[in-house]
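# A closer look at the structure
Each chain, written out:
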Amino acid sequence: MGSAGAATPLNILLVRVSSLGDVLHNMPIVADIARHYPDANIDWVVEEGYTSLVRLNGRVRNIIPFALRRWRKSLRERATRAEIKAFFATLRAQRYDYVFDTQGLLKTGIIMGAARVVKGGQKVGLANGSEGSGYEGVSRLFHTRSVPLDPRTHAVARGRLVVGAALGYKVDTPADFGLPDAPPFSPSDPRPDWMPAGPYAVYFHGTARDAKKWAPANWIELGAALAPTTILLPWGSPKEKAEAEALAASLPNARVLPKLSMGDAVLLARHAALAIGVDTGLTHIAAAFTRPTVEIYADSPRWKTEGNWSPKIINLGDRGAPPSVAEVLAAARSLVVPAQAGIPSRKSP
């Protein structure tokens, strides 16, 4: 197999299919590999809905879309079976030196098992899950090597450590997501109809689990204190849309966005002057772009996903201890130059 500086580049396959936050947290692996093996070819199997996110990382050679969420709805249809067959044909077209499953589920283990490796190639994955994870031990059946980790290892570090252990390098640098910087828009630049002409803040208020949410009264009090800052309210489900509309009804400076594609949701996070959000994928995208971001934890452990790679990210609260409005407001004001985001500089709401 290849090595750093070797004539034959390594061919590496990453298997991390979902969810949005998990896919995002896997991205620093690409920069780590490229740092130590600059000629390596890196391919990635990912749910089709997240291909636009992975595509932003220019070091990924091939993206192999996986559409299990859609296939499950029509397994009896001939077209679906043909798509599944084509997926496995694409997966097996390349022989890899290393295949990494950093998700640790039966479905990702099956993908790993189907992938082909060169003679002496390795299939490497997690030997154990983290606290509260959905890890499935049966996934180890598909490994040639399983890497054990402390159950309290950060979500970003887990995959990095697994790959580093297999490829023989230490993980000792801040996470690099390989995402392009967001240049400021010029007056002539095209921008989506939903995006304001000036700076904006965004509330990533929605998440599937109600216990992880921050109280609506808190969002409203915070928004009033941030006025006249323009606040954008995205949503991903009818329930979240209704919640966004309720917030906007109490905040003249807030606007409910239309349904966004994944690409537009990434654009929203990438260009925000300030992002404030609960523990959800879009909040973590803003943090990965190192936008000024306040992450709010209410019912999930902060150690697991907190943005710890940039001083532009402030993490507040913890499981069972959500932060106060005053704490979030102080963090927001400390992260941005008031004139850049229209945020008033007074010290109290």
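The written sequence of each chain sets the order in which its residues are numbered from 1. Two thresholds apply to this predicted model, a pLDDT of at least 70 for residue-level local features and 80 or more for giving and counting side-chain atom pairs, whereas whole-chain, interface and lining totals are computed over all residues. Side-chain figures throughout are based on the complete set of non-hydrogen atoms in the structure, without hydrogens or water.

Quick look at the overall build of the chain now. What the chain contains, in helices and strands, is 14 helices and 12 strands. The principal-axis extent of the C-alpha atoms belonging to the chain is close to 65 × 50 × 45 Å. Accessibility here uses a 1.4 Å probe with only protein chains present; expressed as a share of the type maximum, an area under 20% marks a residue as buried, one over 50% as exposed, and anything in between as partly exposed. A buried classification covers 52% of the 349 residues belonging to the chain. Here, two residues are considered to be in contact whenever any of their heavy atoms come within 4.5 Å of each other. Put simply, 58% of the contacts in the chain that link residues at least 6 apart link residues at least 24 apart. A total accessible area of about 15,300 Å² is found for the chain, and carbon and sulfur atoms account for 54% of it. Side chains of the chain give 42 positive and 30 negative charges; the mean places of these two sets differ by 5 Å. Helix and strand definitions follow DSSP, with helices as H or I runs of at least four residues and strands as E runs of at least two, each counted in order from the N terminus. Note that accessible areas follow from Shrake-Rupley with a 1.4 Å probe, and for residues the cover is restricted to the protein chains shown. In this tally Asp and Glu are treated as negative and Lys and Arg as positive; neither His nor the chain ends contributes. To locate a charge, take NZ of a lysine, CZ of an arginine, CG of an aspartate or CD of a glutamate.

The tendency in soluble globular proteins is for nonpolar side chains to be buried side by side. To form a nonpolar core, buried Ala, Val, Leu, Ile, Met, Phe, Trp, Tyr and Cys residues must be joined to one another through side-chain atoms within 4.5 Å. Counting 57 residues, the largest nonpolar core has Ile33, Phe100 and Leu167 as its most contacted members. If you look at the next biggest cluster of nonpolar residues, it comprises 27 residues, including Leu251, Ala254, Val294 and Ala331.

With that settled, the discussion passes to the pairing of strand β2 (residues 41-47). Of all 7 residues making up β2, 6 are buried, and the element is well covered by its neighbours. Where β2 meets strand β3 (residues 60-66), 6 bridges bridge the pair, whose relative direction is parallel. Counted as the bridge partner of valine 46 is proline 65 from β3. Two strands qualify as a pair provided DSSP detects at least 2 bridges between them.

Okay, the packing of helix α2 (residues 28-36) against helix α7 (residues 155-167) next. The N-to-C vectors of α2 and α7 enclose an angle of 30°; their axes lie 9 Å apart at closest approach. Overall, the two elements α2 and α7 adopt an arrangement that is roughly parallel. Crossing of α2 over α7 shows right-handed handedness. Only Val156, Gly159, Arg160, Val163 and Leu167 of α7 make contact with α2, whose side of the interface consists of Pro28, Ile29, Asp32 and Ile33. Looking at side-chain class alone, the contact of α2 with α7 contains 6 nonpolar, 1 polar and 2 charged residues. Whenever a helix is involved, its axis is fitted only over the stretch in contact; in every case the axis is a line through C-alpha atoms, and angles between N-to-C directions fall within 0 to 180 degrees. Note that the term roughly parallel is reserved for angles under 35 degrees, roughly antiparallel for angles over 145, roughly perpendicular for angles of 65 to 115, and oblique for everything else. Here is the rule for handedness: rotate from the far helix to the near one, and if that takes an anticlockwise turn smaller than a right angle the crossing is left-handed, while a clockwise turn gives right-handed. Charged residues are taken to be Asp, Glu, Lys and Arg, nonpolar residues to be Ala, Val, Leu, Ile, Met, Phe, Trp, Tyr, Cys and Pro, and polar residues to be all remaining types, Gly included.

Working definition: the strands of a sheet are paired by backbone hydrogen bonds and lie parallel or antiparallel to each other. The sheet built from 6 strands is open, its strands ordered β3-β2-β1-β4-β5-β6 with parallel pairing. On the outer flanks of this sheet lie β3 and β6 (145-147), each paired with one strand and no other. Averaged over neighbouring strand pairs, the angle between their axes works out to 20° when direction is ignored. Packed on one face of the sheet, helix α5 (residues 78-91) meets β1 (11-15), β2, β3 and β4 (95-101) and runs near 155° to β3.

Once that is clear, we can look at the packing of aromatic side chains. Side-chain rings of Phe, Tyr and Trp (the six-membered ring for Trp) are treated as a pair once their centres are within 6.5 Å; stacked means planes under 30 degrees apart, edge-to-face means over 60, and tilted covers the remaining angles. What the rule picks out here adds up to 8 aromatic pairs. Judged by centre distance (5.0 Å) and plane angle (85°), the rings of tryptophan 214 and tryptophan 219 are edge-to-face. Taken individually, tryptophan 214 and tryptophan 219 each receive the classification buried, so the pair is uniform in this respect. Ring pairs connect the aromatic residues Phe66, Trp71, Phe87 and Phe88, which therefore count as one cluster.

Okay, helix α6 (residues 106-114) next. For α6, the set of buried residues is Thr108, Gly109, Ile111, Met112 and Ala114. Where α6 is buried, its residues contact β1, β2, β3, α5, β4 and β5 (116-126).

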